[in-house]
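Listed below, chain by chain, are the residues.
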Protein chains: 2
Amino acid sequence: MAEYPPFAVTVDLVVLTVRADELCVLLVRRGVPPYQGRWALPGGFVGIDEDLSDAAARELTEETGIPEPVGHLEQLGSYGDPKRDPRGRVVTVAYLALLPDLPSPVAGTDAAAADWVPVSRVADAHLAFDHDVILAAGVERARAKLEYTPLATAFCPAEFTIARLRTVYETVWGTRLDPRNFHRKVTTTPGFVEPVGRTTEGDRGRPAQLYRRGPARLLHPPMLRPAAGGG
Amino acid sequence: MAEYPPFAVTVDLVVLTVRADELCVLLVRRGVPPYQGRWALPGGFVGIDEDLSDAAARELTEETGIPEPVGHLEQLGSYGDPKRDPRGRVVTVAYLALLPDLPSPVAGTDAAAADWVPVSRVADAHLAFDHDVILAAGVERARAKLEYTPLATAFCPAEFTIARLRTVYETVWGTRLDPRNFHRKVTTTPGFVEPVGRTTEGDRGRPAQLYRRGPARLLHPPMLRPAAGGG
DNA sequence: ACAATAGTGTCTATGAGACATTATTGC
DNA sequence: GCAATAATGTCTCATAGACACTATTGT
């Protein structure tokens, strides 16, 4: 072990939320070369005595200002092309975070200039490094996991309506879902959501029951996307 | 970038195959400390100019002696607990490989003493480092992916029977499947398998049609496990 | 009353699972 | 013929999707 190739290790975050019927990702504007002025995923170096997941959680708190237990954080994958960073050999471990639309969001955090950007508009402005690829992987992971896990609730506040949960699915998948079939599906899948017992107030139309996320970690049966081509 | 914490980066492989109706993993016996004499996953350091996936493919070829395009190789996850390696700060990127039962397997390769070990018997002999956790993640990933991808074919030779494919499912999942329903399911799922046009010879019973893997990368509808508890 | 949204019920097509039946080989 | 395995067909139940209908609010 005396001799081994020296690497730098970073964590990068794909932080997603649903706001104004759009799937948005948290991006920072780079203030220094390389890729100065370009959008990039938030992230940073892993401390020499720090676990990867701790580093990811630390970065998430630094960038968003919110403490841990809100939303969802999971490892996405690692990227280590020798040329991915012009400064040297940097392997990054990407994490995926799903958060509700925060009332007091990114402002006032350590990030130079962090902002929510609709994923649909990121394609134009190429991100720094290989972050386009990492973002695409994160979005695809999120889309897939909505099918067989209750993670859509991570995009919602603690208490939410079925209609709110439906807009999450519709926004992330980019599809339309039948409100009546969706309601039946969600409320009959064991452990997906639990009724709070109260309703919304002050909206147009009949008040909606409020729910919180249930204990299930997998959905049986899954919520299937309206077809997608099987090849 | 002038100053950053120096890490070592390794790849470790969870190489799975189905042989003699058992799910087996390729393990090596460690010849040097730490964990001398213990079983471990095959792996090694990533070269300073080497991509992660290239390092994984190189290790796989070195350990098994087979060239690339056979089977399946994908990234599994990264493990970076500061205490996971007593020699220093080592982050490992784990890869999952699924291979057919090889005719000329591990013998005569670079590995000191590599061998196929049934996964069911690994629990006793604790693996080196955090390899127990990595192996468990690999097995769970394989089990899950058999549901919604055609990866079961990666455990089969280029041409195989439906019955062979069924034993793969039964072995990996540890369940029994109805041969008739399984046959109908596989042959009616678009792109899963394609008939070769020939049959087996010399076995007992009616000869079976031979198939090769089809073009699908996802199964619609998926092959669902016979229940598993949804909480 | 009317618009708007929430929630329930009904019908139909499709797929899963149980299982009978037929087909083709070796002995 | 008989055992063994392959492959097809039939029946029933559960679920997905389409959509009519009822319920409860604000204006």
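Our subject in this report is the structure included herewith. (Residues numbered from 1 in each chain as written. Chains lettered and ligands numbered in written order. Predicted model: local features only at pLDDT ≥ 70, side-chain atom pairs only at ≥ 80, totals over all residues.)

1. Observations concerning the overall build of chain A
- A count of helical and extended segments in chain A gives four helices and nine strands.
- Listing the helices and strands of chain A from first to last along the sequence gives β-β-β-β-α-β-β-β-α-α-α-β-β.
- Whereas a compact globule of 231 residues would reach a radius of gyration of roughly 17 Å, chain A reaches 19 Å, a difference of no more than 12%.
- With respect to the principal axes defined by its C-alpha atoms, chain A has extents near 65 × 40 × 35 Å.
- The 231 residues of chain A split such that 35% are buried.
- Of the contacts formed within chain A by residues at least 6 apart in sequence, a portion of 68% connects residues at least 24 apart. (Helix = DSSP H or I, 4+ residues; strand = E, 2+ residues; numbered from the N terminus. Rg over C-alpha atoms; globule rule 2.2 N^0.38 Å. Buried ≥ 20, exposed ≤ 12 C-beta atoms within 10 Å, placed from the backbone. Contact = placed C-beta atoms within 7 Å.)

2. Regarding the relation of the copies chain B and chain A
- In screw terms, the move from chain B to chain A is a rotation of 180 degrees and a rise of 0.0 Å along the axis, fitting with an RMSD of 0.1 Å. Seen this way, the second copy is the image of the first under a two-fold rotation axis.
- Comparing interface residues between copies, 97% of those in chain B also sit at the interface in chain A, which points to an isologous, same-surface contact. (Least-squares fit on C-alpha atoms with pLDDT ≥ 70 in both.)

3. Focus on the interface of chain B and chain A
- Each partner contributes to the interface: chain B provides 36 residues, whereas chain A provides 35 residues.
- At the level of secondary structure, the elements contributing two or more residues to the side of chain B that touches chain A comprise β1 (8–19), β5 (72–79) and β6 (90–99) of chain B.
- In terms of residue class, the side of chain B that touches chain A is built from 19 nonpolar, 10 polar and seven charged. (Nonpolar A, V, L, I, M, F, W, Y, C, P; charged D, E, K, R; others polar.)

4. Quick look at the protein's contact with DNA strand C
- Not every one of the 23 residues close to DNA strand C is listed here, only the nearest: Ala163(A), Arg180(A), Gly205(A), Gln209(A) and Arg206(B).
- Of all the elements in the fold, those that place two or more residues in the surface near DNA strand C are α3 (162–173) and α4 (179–188) of chain A together with α4 (179–188) of chain B.
- When residues in the surface near DNA strand C are grouped by element, the largest group, four residues, is from α4(A). (Near = placed C-beta within 6 Å.)

5. What about the nonpolar core?
- Ranked by size, the top nonpolar core spans 110 residues in total, and within it Val14(A), Ala97(A), Val14(B) and Ala97(B) carry the most contacts.
- Leaving out residues up to four positions away in the same chain, Val14(A) has contacts with Val25(A), Leu41(A), Leu76(A), Ala94(A), Leu96(A), Ala97(A), Ile134(A), Leu135(A) and Gly138(A). (Core = buried A, V, L, I, M, F, W, Y, C linked by C-beta atoms within 7 Å.)

6. Some points on unusual backbone geometry
- At the junction of Pro33(B) and Pro34(B), the peptide bond is cis and its omega measures out at -5 degrees in the coordinates.
- With respect to the helices and strands, the residue Pro34(B) is situated in the loop between β2 (22–29) and β3 (39–40).
- Residue His220(B) is joined to Pro221(B) through a cis peptide bond whose omega torsion reads -5 degrees.
- Along the chain, the position of Pro221(B) falls in the segment after β9 (209–213).
- If you check the backbone angles, Tyr35(A) has positive phi at about 60 degrees while not being a glycine.
- Following the sequence through the fold, Tyr35(A) ends up in the loop between β2 (22–29) and β3 (39–40).
- At Ala20(B), a residue that is not glycine, the phi angle is positive and equals roughly 55 degrees.
- Mapped onto the elements, Ala20(B) comes out in the loop between β1 and β2.
- Here Ala20(B) falls in the exposed class, since 9 other C-beta atoms lie within 10 Å of it.

7. What about the packing of α3(A) against α4(A)?
Residue and element names in this part refer to chain A.
- Viewed as axis vectors pointing N to C, α3 and α4 meet at an angle of 105 degrees, and their least axial separation amounts to 10 Å. The angle between α3 and α4 places the two elements in the roughly perpendicular class. Of the residues in α4, those touching α3 at Ile-162, Ala-163, Leu-165 and Arg-166 are Pro-179, Phe-182, His-183 and Val-186.
- Tallied by class, the residues present in the contact of α3 with α4 amount to six nonpolar, one polar and one charged. (Axes fitted to C-alpha atoms, helices over the stretch in contact; angles between N-to-C directions. Parallel < 35°, antiparallel > 145°, perpendicular 65-115°, else oblique.)

8. Some words on the protein's contact with DNA strand D
- Close to DNA strand D lie 24 residues, the nearest being Arg206(A), Ala163(B), Arg180(B), Gly205(B) and Gln209(B).
- Among the secondary structure elements, those contributing two or more residues to the surface near DNA strand D are α4 of chain A together with α3 (162–173) and α4 of chain B.
- The element that contributes the greatest number of residues to the surface near DNA strand D is α4(B), accounting for five residues.
- Of the residues in the surface near DNA strand D, the class split is eight nonpolar, seven polar and nine charged.

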